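Observations on the three-dimensional arrangement
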Amino acid sequence: MKLVRGAWKILVGIKDFLVLVLMLLFFAGLFAVLSYKPNKAAVSDGALVVALDGTLVEQPEEADPFARLSGGEVTKQHRLRDVLRALDTARTDGRVKAVVLDLDRFMGGYPAAISEVADAVGRVRASGKQVLAYATGYSDDSYALAANASEIWVNPLGGTLFAGPGGTQLYYKGLMDKLGVNAHVYKVGKFKSAVEPYIRTDMSPEAREANDALYGALFAQWREGVAKARPKARIADYLAKPDEVVASARGDIAAANLSYGLVDKVGDRLAFGRRVAEIVGAPGGKPAGSFKSIKLGDWIAANPAPTGGDSIGVITVAGEIVDGKAGAGSAGGDTVSGLLLKGLAEKKLKALVVRVDSPGGSAMASEQIRQAVLQAKAQGLPVVVSMGSLAASGGYWVSTAGDAIFAEPSTITGSIGIFGVLPSFENSLAKIGVTSDGVRTTPLSGQPDVFGGINPVTDRILQAAIESGYARFIGLVAQSRKLTPQRVDEIGQGRVWVGGVAHQLKLVDRFGGIDAAVAEAARRAKLDPAKVHAVYLEKQPSGWMQFLASLAGGDDDDEEWADQPAGTDLYGRIAAERRALLGQALGDARRLALGGSVQARCLECMALAPPNTRTEDRKLIDLLLARIGL
């Protein structure tokens, strides 16, 4: 009996000890959450390391903080305005002795965002400071940034091959025919190609014409930017016959890059680190290849956006426009309109800037956001629209509320058109012997009938509703842009335009980024642009979520340059990009099929997105690979 009592006391003691340990861990974690913040005091003389490991976006999505902890893949997203502010403040700060662009794991961004950062890198170089870029292999996007650097380094086992915009797209008509699924499509606009994957097995001539023009304009701008930054590089020759160039270098792509002037140095991370140390100095007691550095997060925290002067509100419409509420990185109609209306009520705003970076989505949610913007006008506030990388379909619908529209030459816009897709499964059910029947009191009883088929009466009503919605869209654009409805219809029809052409078509007023739009809003409010600041009307993540996100993001930023993991070689990078594009295509198809509402969406815009997939898209890839036994 004594033995049992003794054993019980030991077990109770172990239990109490474990409870105490867990409580200590809980309170330690709580303290870390409450005190979590980037280390502003860590900034000292050295090289500012702009490590863009991930994608460049207008508004980062709310990532799953437990994804990496559970073994999942996490792709970082860098906020465009933070990167731009970091580079611009680095130009004039004496603590920054040089800027290092670590592009080893950069996944890219939309053309307009890439162009803005490339220009900012060029401004740093023009200030007289050294800018050094490094990557194992450069993509089109990463090279557009690196071209503006003082020195471009590439790993001897890496190199770059330029692909240009464009590529293949998935079409599901053949699969749907085999499954017996009928896609009932209601649309207006001969260029509205978002529905083509459901009704065709290939690209229509109209879509091909529009995409040729769009991609051609974007590629021409990319080539112009690279040629301007590196006039001695034989970029045209390299683009014309890349196979012959690489073959002449006996398959050594890095050597081919060097001989054609695309890069300045061939070396690994260790050699690059030593080169940077020659400029900014090496820290004592650190591994070879280390140099005095300033981490990007610390620099951004030490250089916050200005807060003096009058307030100009900025509401961000970023990502897919969806009904209801949505987290950061998506534009929920309820969420965005709620943030805007709350800001108008609680903030002493003098003007409003609507920052749009969206391929569109739900027409209902787009109109909900537009109505909220009109409330700012009702309060007498000037409204200026700032288009980011893309403002198409529903994104342009929202933009019609502005007094003036700013865009970049490579902003993707237009796609004035709407559509709806409803699937029915009568043929699918018939294949397995399932039929349907019933009593109907009117032509609309049980309609739309996904089991027995959608009847012609319903088809005509739904198509008429889409045409009415398109007419409303046309009217909004005509009134906003002071064009006739006939002219808007001519340049509408779902066609997508690059910013430079959109300006010629009067869909855009002026070129410029968010700062130019804020300055214009200030002038319209009769304020000095130098004495205002932007107030972003967005929900701030809690300290707990910031802490969990920091854990999910890993600790790469805390490592020395020499200890950082190297990027994958050319084959690995290409494989990762193709895998991500597959997931994105499957995800887009799923979102279109399950949208459940009238859509004002631009499929061409999504095709130009960086190869970054959402968590649910990666799950679709895993499911597909499992199905085919990989």
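In this report, the structure presented in the accompanying data block is examined. (Residues numbered from 1 in each chain as written. Predicted model: local features only at pLDDT ≥ 70, side-chain atom pairs only at ≥ 80, totals over all residues. Heavy atoms only, no water.)

With that settled, consider the sheet that holds strand β2 (residues 54-57). Spatially, the 3 strands line up as an open sheet ordered β3-β2-β5, and their pairing is parallel. Edge positions in the sheet fall to β3 (77-79) and β5 (106-108), since each has one partner strand and no second. Mean inter-strand twist for the sheet, computed between neighbouring axes without regard to direction, equals 35°. Inspection of the sheet shows β2 paired to β3 by 3 bridges, in the parallel sense. Bridge pairing links L56 to H78 in β3. The strands touched by helix α2 (residues 80-92) are β2 and β3; relative to β3, the strand with the most contacts, the crossing angle is about 60°. (Pairing = 2+ DSSP bridges. Helix = DSSP H or I, 4+ residues; strand = E, 2+ residues; numbered from the N terminus. Axes fitted to C-alpha atoms, helices over the stretch in contact; angles between N-to-C directions. Contact = heavy atoms within 4.5 Å.)

What follows is about the nonpolar core. One finds L87, V99, L103, V117, Y138, Y143 and Y238 to be the most contacted residues of the largest nonpolar core, which totals 54 residues. When residues in this core are grouped by element, the largest group, 7 residues, is from helix α3 (residues 111-126). Discounting chain neighbours no more than four positions away, the residues touching V117 are L56, L80, V83, L84, L87 and L145. In terms of nonpolar packing, the next biggest core, distinct from the first, is built from 51 residues, L344, W397, A478 and L507 among them. (Core = buried A, V, L, I, M, F, W, Y, C linked by side-chain atoms within 4.5 Å. Buried < 20%, exposed > 50% of the residue type's maximum accessible area, 1.4 Å probe, protein only.)

Turning next to the pairing of strand β11 (residues 310-318). Most of β11 is tucked away, with 8 of its 9 residues classed as buried. Inspection of the sheet shows β11 paired to strand β22 (residues 532-536) by 5 bridges, in the parallel sense. Residue pairing in the sheet places G313 in a bridge with V535 of β22. Note that β11 and strand β14 (residues 349-358) share 8 bridges and pair parallel. Each bridged residue has a counterpart across the sheet, and for G313 the counterpart in β14 is L352.

Time to look at the pairing of strand β6 (residues 130-135). Within β6, 5 of the 6 residues are buried, which leaves the element mostly enclosed by the surrounding structure. Two strands pair when backbone bridges link them, and strand β4 (residues 96-102) and β6 are joined in this way by 5 bridges, in the parallel orientation. From the neighbouring strand, D102 faces β6, where its bridge partner is Y134. The pairing of β6 with strand β7 (residues 151-154) spans 4 bridges and is classified as parallel. In the strand pairing of β7, A135 is matched with V154. Running through helix α4 (residues 140-146), the crossover from β6 to the neighbouring parallel element β7 is right-handed. (Right-handed = clockwise from strand over helix to strand, strands pointing away.)

Summed over all chains, the structure comprises 10 aromatic pairs. Taken together, the ring pairs in this structure connect Y138, Y143, F162, F219, W222, Y238 and Y260 into an aromatic cluster. Cation over ring: R81 sits above Y536, and NZ or CZ is 3.6 Å from the ring centre. If you follow R234 out to its NZ or CZ, it ends over the ring of Y260, 4.0 Å from the centre. (Phe/Tyr/Trp six-rings, centres within 6.5 Å; stacked < 30°, edge-to-face > 60°. Lys NZ or Arg CZ within 6 Å of the ring centre and 35° of its normal.)

All right, on to unusual backbone geometry then. A cis amide bond links Q447 with the next residue in sequence, P448, at an omega value of -10°. Looking at the secondary structure, you find P448 in the loop between α16 (426-431) and α17 (456-481). Positive phi, close to 55°, is recorded for Q493, a residue that is not glycine. Its location among the elements puts Q493 in the loop between α18 (485-491) and β20 (496-498). Judged by relative accessible area, Q493 falls into the buried class, the value being 17%. For K506, which is not glycine, the phi torsion reads 70° and is therefore positive. For K506, the position within the fold is in the loop between α19 (499-504) and β21 (510-511).

Applying the stated criterion across every chain, the model contains 28 salt bridges. For R81, the salt bridge is made with E538, and the minimal N-O distance between the two is 2.9 Å. Within this pair, whereas R81 is found in helix α2, its partner E538 is found in the loop between β22 and α21 (543-552), the two being separated by 457 residues in sequence. The exposure class assigned to R81 is buried, which follows from its relative accessible area of 18%. Residue E538 is classed as buried on the basis of its relative accessible area, which comes to 18%. One continuous salt-bridge network, built from bridges that share partners, spans R79, R81, D82, R85 and E538. (Salt bridge = Lys/Arg side-chain N within 4 Å of Asp/Glu carboxyl O.)

Here the focus is the sheet that holds strand β10 (residues 293-295). Sheet architecture is open: 6 strands sit in the order β9-β7-β6-β4-β1-β10, paired in parallel fashion. Pairing within the sheet leaves two strands with one partner each, and these edge strands are β9 (265-266) and β10. Judged from the 2 bridges that link them, β7 and β9 form a sheet pairing that is parallel. Looking across to β9, one finds that V154 is bridged to V266.

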